[in-house]
Amino acid sequence: MSAVLSAPPRVGALFLASPKAMISSAVALILILSALCAPWIAPHDPFALGSFSLMDSELPPVWSEGGDPRFLLGTDTQGRDVLSAILYGMRVSLLVGFAAVAISAAVGTLFGLVAGFRGGWLDAVLMRLADVILSFPTILIALLVSGIARGLLPDTRQEDYAVLVLILAIAINEWTQYARTVRGQTLVEASLDYVKAARLSGLGDGRILARHILPNVLSPVIVIATINLALAVLAEATLSFLGVGMPATQPSLGTLIRIGNENLFSGVWWVVVFPALTLVLLVLSVNLFGDWLRDALNPRSE
Amino acid sequence: MRSIHGASETSGLRVRGLTVSYGRRGHAVPAVEAVDVDAAPGEIVAIVGESGAGKTSIGTALLDLVDPPGHWTAREVTLDGETIDYRTTHTRGRDVSVIFQDPQTALNPLFTVESQLVHMVRHHLGLDRGAAKRRAIEMLEEVGIPDAVARVGQYPHQFSGGMRQRVVIALALACRPRLVIADEPTSALDVSIRAQILALIRRLCREKGMACLLITHDMGAVAQISDRAVVMRDGRAVETGPTTRLLSGAQHPYSRALIAAVPPAHRRLPRFAVPDTGAAVTDAELERWLRDRPTAGGDTPLAVDELTKVFRLPGRLFGRGARAVRAVDAVSFALAPGEIFGLVGESGSGKSTLAQIAAGLRWPDAGEARVLGRRFGPTTPKAALRGYRQGLQMVFQDPYSSLNRRMTVLETILEPMADTPRAVGLRLVPALLERVGLPRDVARRHPHAFSGGQRQRIAIARALAGRPRVLICDEPTSALDVSIQAQILNLLKDLRDELGLSMLLITHDLPVVRQMCDRVGVMQSGRLVEMGPTERVFDAPEASYTQMLLTHLPRLPERQPAS
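Attention shifts here to the interface of chain B and chain A. Counting residues at the interface gives 23 residues for chain B, matched by 22 residues for chain A. Summed over both sides, the interface of chain B with chain A buries roughly 2,000 Å², with 48% coming from carbon and sulfur. Among the salt bridges present, the one from Asp205 of chain A reaches Lys382 of chain B, with a minimum N-O distance of 2.8 Å. In this structure, the connection of chain B to chain A is made through 14 residue pairs in polar contact (both at pLDDT 80 or more). Secondary structure elements with two or more residues in the side of chain B that touches chain A: helix 14 (385–389) and strand 17 (392–395) of chain B. If you tally residues by element for the side of chain B that touches chain A, the top one is strand 17 of chain B, at 3 residues.

Structure representation (structure tokens):
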């Protein structure tokens, strides 16, 4: 934890004492690192169309009968290495997840701070907007955003902007959580005497928010961000599975599952099961870590 | 003579070797160590001490309410010669009962007073419904609730704070306990109600022959109603004796220091006779810097003129329109340079609202405040406020919320020093810490490393770092222990004398005003009902409200010269 957040020193000790925290963070870290390093550790390049041949298509995992040691987790219908596709697919999923979390956390925290500190009409407008967004199912808004984007973008550019559209679609849903939490916390902090003391020290609103209130409302933001990373990855997978997310040319985990699912009944199970397992493992480990973090940062759980 | 088994002829409570520890076995921390307490029927025994002395733990243990993994042991706990049996659910509530501190939380808001009282007596005494209701009404009458027959069916929120505490007492005494534990029974109440509740507890204990343990930090309460007192420090009883003897001639040095720290209401001391932990050290550069404050126009450091603040309460959806409460109602006064002006009043009298307006933290609805010639009224633009607040600093009540827990002491104190080069500031902060009686090397720590009294010193250092000419202190010591209060008050007095600060001291504590202030204003429901030199207001109050407040002041016996 950085000094700004100044997580109490006990969080470190709690981490070392919790097998749940250590295992979940280790799994999440391994998955994230392997996705980051995909170009170097992947045995094949799933995007180099010339590098795979139909001769190698639908090979089962290496431990099954007929498996090929070049393709650890087998190949898909076009002869693409499933393991490499997963590593690259996880890159896309995590990129969308992290970017969506970063944008929604930044926007939500800012809106929450301003709404809580200023109050008045700005507070009312921002919070009613959040209420409206919360009253729609997440997936509906995401479908709406990607639908609008499809309508606006020329067909040729749609694949280029697919990542941005997905990030936006997910971020629009998720900023509300940060905004509501931060607003509540800001109301509490702003009423405390240290804020009055800061005013008497000659600080203006902006510096009071940045120097005094922001550091004191950040712990819940970190917790929500962690849990929302898992949710964002899931949302991305859902949208891609439904066919409105990443195109097959830049497959994410969700796209891989969708493609694999089409071939499931022809017995080529490995093409869908391994991406799905990766997704479960990623979401589960991040979620468990987020859960632990929430308990560890909650002052009342001492 | 000490009987190990409780079969002696003693009546009342007899406790021997009570020990309470918290934390897991292995590294348990003792909160109370080998304490002996006796309380005869009808006798009130005060258990006094500062926070952390273990006094509340004694009460918790005698009710067998120590939360695991904490635990308690005693060689003997007997009531009228019988060992108290905590295995039956009837002991607690029937034989041993408790009066809680906060009447807001001690009653269940969802049930009527009647159902809470009836449940109590039916459970413990097995009365039938009719008899239980008669008993409930009888109890309310006994604790002085007028029109008990009608009010017994009401809910707790329909009673005022003082009346609610009477209900709590009725609930505690409904089953005629032989021992009552009163844990800070009046700390949440206003001065005028406090005295009545104490008198009620005393009368009922006498009449019903109940032994009572009065757990409190309030020496006034001890003096007013207790027969004997046990002085606790760090979990041990340092001295036990009749209250009058303890107050006038305590033997143990700690008891003497504790009593010396209590501000007397009836005469003025030059200083509190408490040892100053870490006497203030002055530093030549710091003193020059502190006195080199920007001079501003106007001789009057702080004045308010016909200041008014109205709070509008939301009206009901279908009903009368919004109601308005005049929290501050046309108040005027002015501070002289170097003067300490006290503003006293009970909770809700508007004194804190007034302080915040004077500090430029809230807008008035009418009238104006002036600091060093700069004006602040309802139409002052927000941009002008920063200028208005210059030369003015504030010390707040709660030393926990007044310091940003994420900032080090150094960052906190540097904040108001924006007009001073950082290099100079870094040199001055350690000196400033020493100036308020803290070690100079604590600047890099966060607030959680400090006690309440130390935090208040940090808050004072921060206020000084703004080089104020006016210091507004809003209940600066009411969250502190009495010996710490005495040190902080001494410090504030010294700062006034040495730096020529003018102070507005807001407090509900009349003895503190008597010790600190040159002049005093008395506030009641937003209005200033009396103002004058402190001695005159205390010795010859003119307003009937002031007279009423003063009659409720506890009078401690004068100390005899130490023999």
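Turning to the sheet that holds strand 15 (residues 366–371) of chain B, a few remarks are in order. All names here are of chain B. Across the sheet, 4 strands lie side by side as 13-12-15-16; this open sheet has antiparallel pairing. Whereas interior strands pair on both sides, the edge strands pair on one side only; in this sheet they are strand 13 (323–335) and strand 16 (374–376). On average, each strand axis in the sheet is tilted by 25 degrees relative to the strand beside it, whichever way the strands run. Of the pairings in the sheet, the one linking strand 15 to strand 16 comprises 3 bridges and is antiparallel in character. Bridging from a neighbouring strand, Arg370 pairs with Arg375 of strand 16. Its contacts with the sheet place helix 13 (residues 351–358) against strand 12 (302–313), strand 13, strand 15 and strand 16, and it is angled at close to 120 degrees to strand 12.

Let us look at the confidence of the model for chain A. All names here are of chain A. Scored by pLDDT, chain A has a mean of 84; 93% of the residues are at 70 or more. Averaged over each element, pLDDT in chain A is lowest for helix 1 (residues 10–17) (77) and highest for helix 8 (residues 193–200) (93). Scored below 50 in pLDDT, residues 1–7 shows 8 contacts in the model against residues more than four places distant or in partner chains.

This paragraph deals with the confidence of the model for chain B. Averaged over all residues, the pLDDT of chain B is 86; the fraction at 70 or higher stands at 93%. Predicted confidence for residues 1–8 of chain B stays below pLDDT 50, and this span has 14 contacts to residues more than four positions away or in other chains.

Turning to the nonpolar core, a few remarks are in order. Formed by 74 residues in total, the largest nonpolar core has its most connected members in Ile413, Ile460 and Leu464 of chain B. Of the residues forming this core, the biggest block, 8 residues, is contributed by helix 18 (residues 482–499) of chain B. Aside from chain neighbours lying at most four places away, what touches Leu464 of chain B is Trp289, Leu290, Leu432, Val436, Leu495, Leu499 and Leu501 of chain B. In this structure, Leu73, Tyr178, Ile208 and Val272 of chain A belong to the second largest nonpolar core, which totals 71 residues.

The subject of this paragraph is the sheet that holds strand 18 (residues 470–474) of chain B. Residue and element names in this part refer to chain B. Across the sheet, 6 strands lie side by side as 17-18-19-14-20-21; this open sheet has mixed pairing. Edge positions in the open sheet fall to strand 17 and strand 21 (527–533), since each of these has one partner strand only. Ignoring which end each strand starts from, the neighbouring axes of this sheet average 15 degrees apart. Two strands pair when backbone bridges link them, and strand 14 (residues 340–344) and strand 19 (residues 502–507) are joined in this way by 5 bridges, in the parallel orientation.

So, how was this worked out
Residues numbered from 1 in each chain as written. Chains lettered and ligands numbered in written order. Predicted model: local features only at pLDDT ≥ 70, side-chain atom pairs only at ≥ 80, totals over all residues. Heavy atoms only, no water. Contact = heavy atoms within 4.5 Å. Buried area = accessible area lost by both parts, 1.4 Å probe. Salt bridge = Lys/Arg side-chain N within 4 Å of Asp/Glu carboxyl O. Polar contact = N/O pair within 3.5 Å; in protein donor to acceptor, adjacent residues only side chain to side chain. Helix = DSSP H or I, 4+ residues; strand = E, 2+ residues; numbered from the N terminus. Pairing = 2+ DSSP bridges. Axes fitted to C-alpha atoms, helices over the stretch in contact; angles between N-to-C directions. pLDDT = per-residue confidence, 0-100. Core = buried A, V, L, I, M, F, W, Y, C linked by side-chain atoms within 4.5 Å. Buried < 20%, exposed > 50% of the residue type's maximum accessible area, 1.4 Å probe, protein only.

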